[in-house]
Amino acid sequence: VTGMHPVSIVEKNGMLHAVWLDERDGAFRGVYYANSVDQGVSWSANRRVAPYPAVDWANEPSVAVDNTGTVWVLYHVYYESGSNKSNDIFLSKSIDNGITFETFRIFDGNNNDSDHWRTRLVASESTGMLYAMIQDYATVGADEGMDLYIGRIDPTDLSLSQWAEVTDTPATGRIH
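Worth saying up front: this structure is predicted, and the values here are computed from it rather than measured. (Residues numbered from 1 in each chain as written. Predicted model: local features only at pLDDT ≥ 70, side-chain atom pairs only at ≥ 80, totals over all residues. Heavy atoms only, no water.)

A. Quick peek at the side chain of T119. Examined against the element boundaries, T119 turns out to sit in strand 9 (residues 116-123). For T119, a relative accessible area of 0% gives the class buried. A polar atom in the side chain of T119 sits 2.5 Å from the backbone oxygen of E60. In terms of polar contacts, T119 uses its side chain to reach the backbone carbonyl oxygen of L74, at 3.5 Å. Among all residues touching T119, those that are not within four sequence positions of it are N59, E60, P61, S62, L74, Y75, H76, I89, M133 and I134. (Helix = DSSP H or I, 4+ residues; strand = E, 2+ residues; numbered from the N terminus. Buried < 20%, exposed > 50% of the residue type's maximum accessible area, 1.4 Å probe, protein only. Polar contact = N/O pair within 3.5 Å; in protein donor to acceptor, adjacent residues only side chain to side chain. Contact = heavy atoms within 4.5 Å.)

Quick look at the structure:
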């Protein structure tokens with residue numbers, strides 16, 4: 001199966017950039033990218049964003065392009081093959097319009113029970129700073145729901161990323 005849900009698309013300087021989940025190479029959910037220079041009439045070759053087989057089960061990819069033209073793709077990895085890592089947030093970058101990608105783990109989630117997912121990414125036009133929003137599944141007593149976090153990601157030094165909780169009451173009243 002190719003072209004699974006969900007899709008994220010952004011336009012920058014007349015070029016469309018799209019990411020989606022795909023099973024074409026044997027991955028349960030691989031992250032793929034393509035771009036279009038003619039308003040979506042035709043598309044570049046599809047490129048795998050995250051390395052396979054390590055990233056086999058990704059969720060919710062989101063794409064942004066910063067003010068230098070670097071393409072950024074943010075996604076949740078539920079399971080990383082060959083490790084005990086799960087529920088992490090990865091960020092991949094391409095400086096050649098999606099021909100190649102370099103991948104970084106930017107948020108180490110709880111390997112046991114938490115889901116940090118439904119990722120969204122934007123790039124600031126004025127500063128080039130990246131901003132990510134993720135949700136974290138949380139249980140407080142009998143209440144289940146999602147807490148929301150915003151990450152401020154410095155593309156020049158990913159280790160300087162800062163995460164802050166947006167929601168002010170743990171899980172209470174959150175839609176799940």
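B. Summary view of the pairing of strand 2 (residues 15-22). Of all 8 residues in strand 2, 8 are buried; the element is thus mostly enclosed. With burial as the criterion, each face of strand 2 is covered, one bearing M15, H17, V19 and L21 and the other bearing L16, A18, W20 and D22. The sheet contact formed by strand 2 and strand 3 (residues 30-36) spans 7 bridges and is antiparallel. Across the sheet, residue W20 finds its bridge partner in strand 3, namely Y32. (Pairing = 2+ DSSP bridges.)

C. Just the pattern of salt bridges, in detail. The final tally for this structure, using the stated rule, is 4 salt bridges. K12 is the salt-bridge partner of E125, the closest N and O atoms lying 2.9 Å from each other. With a gap of 113 residues between them, E125 in the loop between strand 9 and strand 10 (130-140) and K12 in strand 1 (residues 4-12) connect regions that are remote in the sequence. The salt bridge involving R120 is made with E60; its shortest N-O contact spans 3.7 Å. Of this pair, R120 sits in strand 9 while E60 sits in strand 5 (residues 55-65); the two residues are 60 residues apart in sequence, bridging distant segments of the chain. (Salt bridge = Lys/Arg side-chain N within 4 Å of Asp/Glu carboxyl O.)

D. How the structure looks around the sheet that holds strand 6 (residues 71-80). Across the sheet, 4 strands lie side by side as 5-6-7-8; this open sheet has antiparallel pairing. Taken across any chain shown, the strands that pair with only one partner, and hence form the sheet edges, are strand 5 and strand 8 (102-107). With strand direction ignored, the average angle separating the axes of adjacent strands in the sheet is 30°. Across 5 bridges, strand 7 (residues 86-94) lies against strand 8 in antiparallel orientation. Paired with K93 across the bridge in strand 8 is E102. (Axes fitted to C-alpha atoms, helices over the stretch in contact; angles between N-to-C directions.)

E. Up close: the packing of aromatic side chains. Going through the model one piece at a time under the given rule, you end up with 6 aromatic pairs. Taking the centre distance of 4.3 Å and the plane angle of 50° together, the rings of W57 and Y78 count as tilted. Here W57, found in strand 5, pairs with Y78, found in strand 6; they are 21 residues apart in sequence, far enough to count as distant. Since its relative accessible area comes to 33%, Y78 is described here as partly exposed. An aromatic cluster of at least three residues, connected via ring pairs, comprises F28, W57 and Y78. (Phe/Tyr/Trp six-rings, centres within 6.5 Å; stacked < 30°, edge-to-face > 60°.)

F. Region of interest: the nonpolar core. Judged by nonpolar contacts, the single largest core of 16 residues is most densely connected at V31, V49, V71, V73 and Y75. Elements with a contribution of two residues or more to this core: strand 2, strand 3, strand 5 and strand 6. Formed by 15 residues, the second largest nonpolar core is a distinct cluster that contains A64, I89, F107 and I134. (Core = buried A, V, L, I, M, F, W, Y, C linked by side-chain atoms within 4.5 Å.)

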